[in-house]
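Results of the structural survey
So you can see what is in the structure, the chains are spelled out below.
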Amino acid sequence: MDGNGGRGSGAGVTTGGLARELGISPTTLRSWDRRYGLGPATRVEGRHRRWTAPDVAMVREMCRLTAEGVPPAEAARAAKAHAAEVRASGPAPAAAPLRQARVEPSTGPDDPHGETSPPGDTRRRGRGLARAAVRMDAEAVHEQIMTSIETYGLIAAWDDVLMPTLRYVGRKWESSEDRYVEVEHMLSWHISAALRYAYAGAMARGRPADTRPVLLACLPGEQHTLPLEALTAALRDRGQRVLMLGGSVPVDALEASVRRVAPVAVGLWSQSRNTADLPMARHLAALRWGVHGARTRSHVLLCGPGWGPRPDPELLRPHGLRDAVRIMLSAGSPAGEARPEGERTARSVRTAPAGASERGTRSEEIIA
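Residues numbered from 1 in each chain as written. Predicted model: local features only at pLDDT ≥ 70, side-chain atom pairs only at ≥ 80, totals over all residues. Heavy atoms only, no water.

Things to note about the overall build of the protein
Note the cut-off: Numbering goes from the N terminus for both helices and strands, where a helix is a DSSP run of H or I of at least four residues and a strand is a run of E of at least two. With a 1.4 Å probe rolled over the protein chains alone, any residue whose accessible area is under 20% of its type maximum counts as buried; one over 50% counts as exposed, and the rest are partly exposed. The contact criterion used throughout is that any non-hydrogen atoms of two residues lie within 4.5 Å. Residue-level accessible areas treat just the shown protein chains as cover; the underlying method is Shrake-Rupley with a 1.4 Å probe.
Helices and strands together make up the secondary structure of the protein, namely 13 helices and 6 strands. Out of the 368 residues in the protein, the part that is buried amounts to 49%. Of the contacts made within the protein by residues no fewer than 6 positions apart, 74% connect residues no fewer than 24 positions apart. Accessible surface, the protein as shown: approximately 17700 Å² in total, 52% of it carbon and sulfur.

Quick word on the side chain of Gln144
Within the element layout of this structure, Gln144 appears in helix α6 (residues 138-152). Once residues lying within four places of it in the same chain are set aside, the contact partners of Gln144 are Ala67, Glu68, Arg125 and Leu129.

Overview of the pairing of strand β5 (residues 265-269)
To keep things clear, this is the line we draw: For two strands to pair, DSSP has to find at least two bridges joining them.
A large share of β5 lies buried, amounting to 5 of its 5 residues. Burial of β5 is two-sided: the residues Ala265, Gly267 and Trp269 facing one way and the residues Val266 and Leu268 facing the other way are all buried. Pairing geometry for strand β3 (residues 214-218) and β5, over 5 bridges, is parallel. Within β5, the position partnered with Cys218 by the bridge is Trp269. Sheet analysis places β5 next to strand β6 (residues 299-303), joined by 5 bridges and oriented parallel. Bridged to Trp269 within β6 is Cys303.

Notes on the sheet that holds β6
In a beta sheet, neighbouring strands are held together by backbone hydrogen bonds and run either parallel or antiparallel to one another. Under the convention used in this document: To obtain an axis, a line is fitted to C-alpha atoms, over the contacting stretch when the element is a helix, and the angle between two such axes runs from 0 to 180 degrees between their N-to-C directions.
Taken in spatial order, the 4 strands line up as β4-β3-β5-β6 in an open sheet, and their pairing is parallel. Both outer strands of the open sheet, β4 (242-244) and β6, are each paired with one neighbouring strand and no more. The sheet shows a mean angle of 15° between the axes of neighbouring strands, direction not considered. Strand contacts of helix α11 (residues 278-286): β5 and β6, with the helix running at about 155° to β6, the strand carrying the most contacts.

Examining the pattern of salt bridges
Applicable threshold: A pair is scored as a salt bridge if a Lys or Arg side-chain nitrogen falls within 4 Å of a carboxyl oxygen belonging to Asp or Glu.
For the coordinates displayed, the defined rule picks out 7 salt bridges. Close ionic contact of Asp137 with Arg135 constitutes a salt bridge, the shortest N to O distance being 3.4 Å. Taking the relative accessible area as the measure of exposure, Arg135 reaches 10% and is therefore buried. Ionic pairing is found between Asp237 and Arg238, a salt bridge with its closest N-O pair at 3.8 Å. We classify Asp237 as buried; its relative accessible area is 16%. Assessed through its relative accessible area of 21%, Arg238 is described here as partly exposed. Residues participating in the shared-partner salt-bridge network are Arg205, Asp237 and Arg238.

Here we look at the packing of helix α10 (residues 251-261) against α11
Selection criterion: Under this scheme an angle from 65 to 115 degrees is roughly perpendicular, one under 35 degrees roughly parallel, and one over 145 degrees roughly antiparallel; angles in between are oblique. Crossing handedness is defined as follows: a turn of the near helix away from the far one that is anticlockwise and smaller than a right angle gives a left-handed crossing, while the clockwise case is right-handed. Charged means Asp, Glu, Lys or Arg here, nonpolar means Ala, Val, Leu, Ile, Met, Phe, Trp, Tyr, Cys or Pro, and polar covers whatever is left, Gly included.
Packing of α10 against α11 brings their axes to within 10 Å, and their N-to-C directions diverge by 20°. Judged on the interaxial angle alone, α11 and α10 are roughly parallel. Judged by the twist between their axes, the crossing of α10 over α11 is right-handed. Seen from α10, the contacting residues are Val251, Leu254, Glu255 and Val258; seen from α11, they are Met280, His283 and Leu284. For the contact of α10 with α11, a count of residues per class yields 5 nonpolar, 1 polar and 1 charged.

Quick word on the pairing of β6
For β6, the tally of buried residues reaches 5 of 5 residues, placing the bulk of the element in the interior. Residue alternation in β6 divides its side chains into two sets, His299, Leu301 and Cys303 and Val300 and Leu302, and both sets are buried.

Function cannot be read off these values alone, since they describe shape.
Given below as structure tokens:
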């Protein structure tokens, strides 16, 4: 390539060319040079900087380490040592291929009744994911998301890595006059792709139990589907049949679906108060079907910050993804499916931890 940003004949790569090759900005490269001394070893043609193969290997290592959450100063020291090894041993190694991590069935710490992942480790992983997203490094974002799900399980990865990172990027967007909207969109797309990959893997492992399905839907006007995509994948991973309707489902379609498939539970997502429709939720909770004397109805779960902490004592209010999975699995069990006519919806709150119906819940805790 020519000297305007590509590779010259043996002269190395320009700053612009290296930035494009690695998916980071030239400003980031200059900042790393200024702060940590991660600059090119040689200069040619006046003040034009050229990055040799060891220089490129050094910056690749810096990108990899910061994407894993290593503090920049520590990552820079390791990257310099890596570059020295490359200079001593020969050409830089090829870039690692994109991973296709297999998402296994959830066990251990990701069990809905189990422990959470180590907080320090997940914070480091979240910082790495945020840095990769801000510099628009799609490969590193994919790697971090898939590794988080593979390491911690889907629920813990969602609660402790993916959602905190989305909130961080969202705050940057809100505080910088829409400068980071493309970062949030890219990160959301990759998280959605990983969740659907996990769902597809669970589907491929076999048919779920022959029980009534769980139905999930966003309310009319609500387009935030990621939390329900996480819930869909987590439930299917545990053998629960799921019918996910997606974003902004019309009221008539919701009612028709409930009557048609007789779900054991219905999860309604609302991100903001503008989309929360409590009368509609009560209406769905009141729908009954079956033979006279043994008619049943669905458990209705109000998911998302739009509902507020205590919208209705007779409707279920899960406290996070883990709680929603546990309640829906309990509702889908043989003991939980039977719900005779006249039984109050609030009785199913007994499946939640003691005091859960009385606690206020911060919006960011609700599968948010």
